[in-house]
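Read off the chains here:
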Amino acid sequence: MAELGTTLDLADRRREADHPHSLIVRFPANNPLRLDAGIDFGPLQIAYQTYGKLNAERGNAVLVCHALTGDQHVVNDHPVTGKPGWWETMVGPGRPIDTDRYFVICPNVVGGCMGSSGPASTNPATGMPYGLDFPVITVRDMVRAQAMLLDYLGIDSLFAVAGGSMGGMQVLQWAASYPQRVFAALPIAAATRHSAQNIAFHEVGRQAVMADPDWRAGRYFRRGHQSPARPRRRAHGCAHYLFV
């Protein structure tokens, strides 16, 4: 039974990468995302969830940025794990980020694996998952993609941007890159950059993953294997980020 459960989980994760249980926006190749790596990436898909209602003035939008092992499913049940949303204590009717007052948007970051373009997505050039062929993504790239999404939604300014950990780093980047679009920035448990010790710890983690006998150059989906980096609580582990 455990093996069957693993197979079903892998199939669900693979399906979510291209056809998520979320709202999606697809930007064609002629409207690419300019990456810090010097690449114009396209076509680009962004998956996102919304909660609450945008007011007539379009001035009550709150962007929630998720952490490394989070995703866009802030207060709804997760479509793969069935578990509750990861920030139900903070977001919802009567909560600190009150969806009776605010229109909450949470995109899956570029480089994630829950519907936004990432290593688990199908590369249109090959028909196979990108895997390690997907370009390295920075926090600034994530924020640029979110700005593209807001432009698509017709939202010029945000009442607030909030998030913790890697989400907090995105909040700081929003304040740095688009100060005219952000009224309030709420970074939680985040820093502007990683220390040498942080970078070293992450490198240890990467080396541990690559030491797995089933590593196969990171092509887990193509080979039908689970990534050993997958956290137990959620079905993630295929993000491809660079912290600077």
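Please refer to the structure placed before this passage.
Just so you know, these numbers come straight off a predicted model, no measurement behind them. (Residues numbered from 1 in each chain as written. Predicted model: local features only at pLDDT ≥ 70, side-chain atom pairs only at ≥ 80, totals over all residues. Heavy atoms only, no water.)

**Digging into the packing of aromatic side chains**
Using the criterion set out here, one finds eight aromatic pairs in the structure. Each ring, one from Phe41 and one from Tyr130, has its centre 5.9 Å from the other, and the planes form 50°; the classification is tilted. Taken together, the positions of Phe41 in strand β3 (residues 40-41) and Tyr130 in the loop between β8 (103-107) and β9 (137-138) put the pair 89 residues apart, joining distant regions of the chain. For the pair formed by Phe41 and Tyr130, the shared burial category is buried. Seen in terms of ring centroids, Trp174 and Tyr178 are 5.0 Å apart; in terms of plane orientation they differ by 45°. Their pairing is tilted. Of the residues examined, Trp174 reaches a relative accessible area of 0% and is grouped as buried. Here the aromatic residues Phe41, Tyr130 and Phe134 are joined through ring pairs into a cluster of three or more. (Phe/Tyr/Trp six-rings, centres within 6.5 Å; stacked < 30°, edge-to-face > 60°. Helix = DSSP H or I, 4+ residues; strand = E, 2+ residues; numbered from the N terminus. Buried < 20%, exposed > 50% of the residue type's maximum accessible area, 1.4 Å probe, protein only.)

**Points about the pattern of salt bridges**
Applying the stated criterion across every chain yields a total of six salt bridges. Here Asp40 ties to Arg34 by a salt bridge, and the two come within 3.0 Å at their closest N and O atoms. Residue class for Asp40 comes out partly exposed when judged on its relative accessible area of 46%. By relative accessible area, Arg34 is classed as partly exposed at 45%. The closest approach of N and O atoms between Arg140 and Asp36, which form a salt bridge, is 3.0 Å. With a gap of 104 residues between them, Arg140 in helix α2 (residues 139-153) and Asp36 in the loop between β2 (33-34) and β3 connect regions that are remote in the sequence. Owing to a relative accessible area of 37%, Arg140 belongs among the partly exposed residues under this scheme. What you see here is one network of salt bridges that share partners, running through Asp36, Arg140, Asp141 and Arg144. (Salt bridge = Lys/Arg side-chain N within 4 Å of Asp/Glu carboxyl O.)

**Quick look at empty space enclosed by the protein**
Under the defined criterion, the tally for this structure stands at one cavity of 30 Å³ or more. When its volume is computed, the largest cavity comes out at roughly 30 Å³. Forming the walls of the largest cavity are Ile46, Pro107, Asn108, Val109, Val110, Met142, Ala145 and Gln146. In terms of residue count, α2 provides more of the lining of the largest cavity than any other element does, three residues in total. (1 Å grid on protein atoms, 1.4 Å probe; cavity = no way out; pocket = protein on both sides within 12 Å on 5 of 7 lines; lining within 4 Å. Points joined across faces, edges and corners; volume = space filled by probe spheres on them.)

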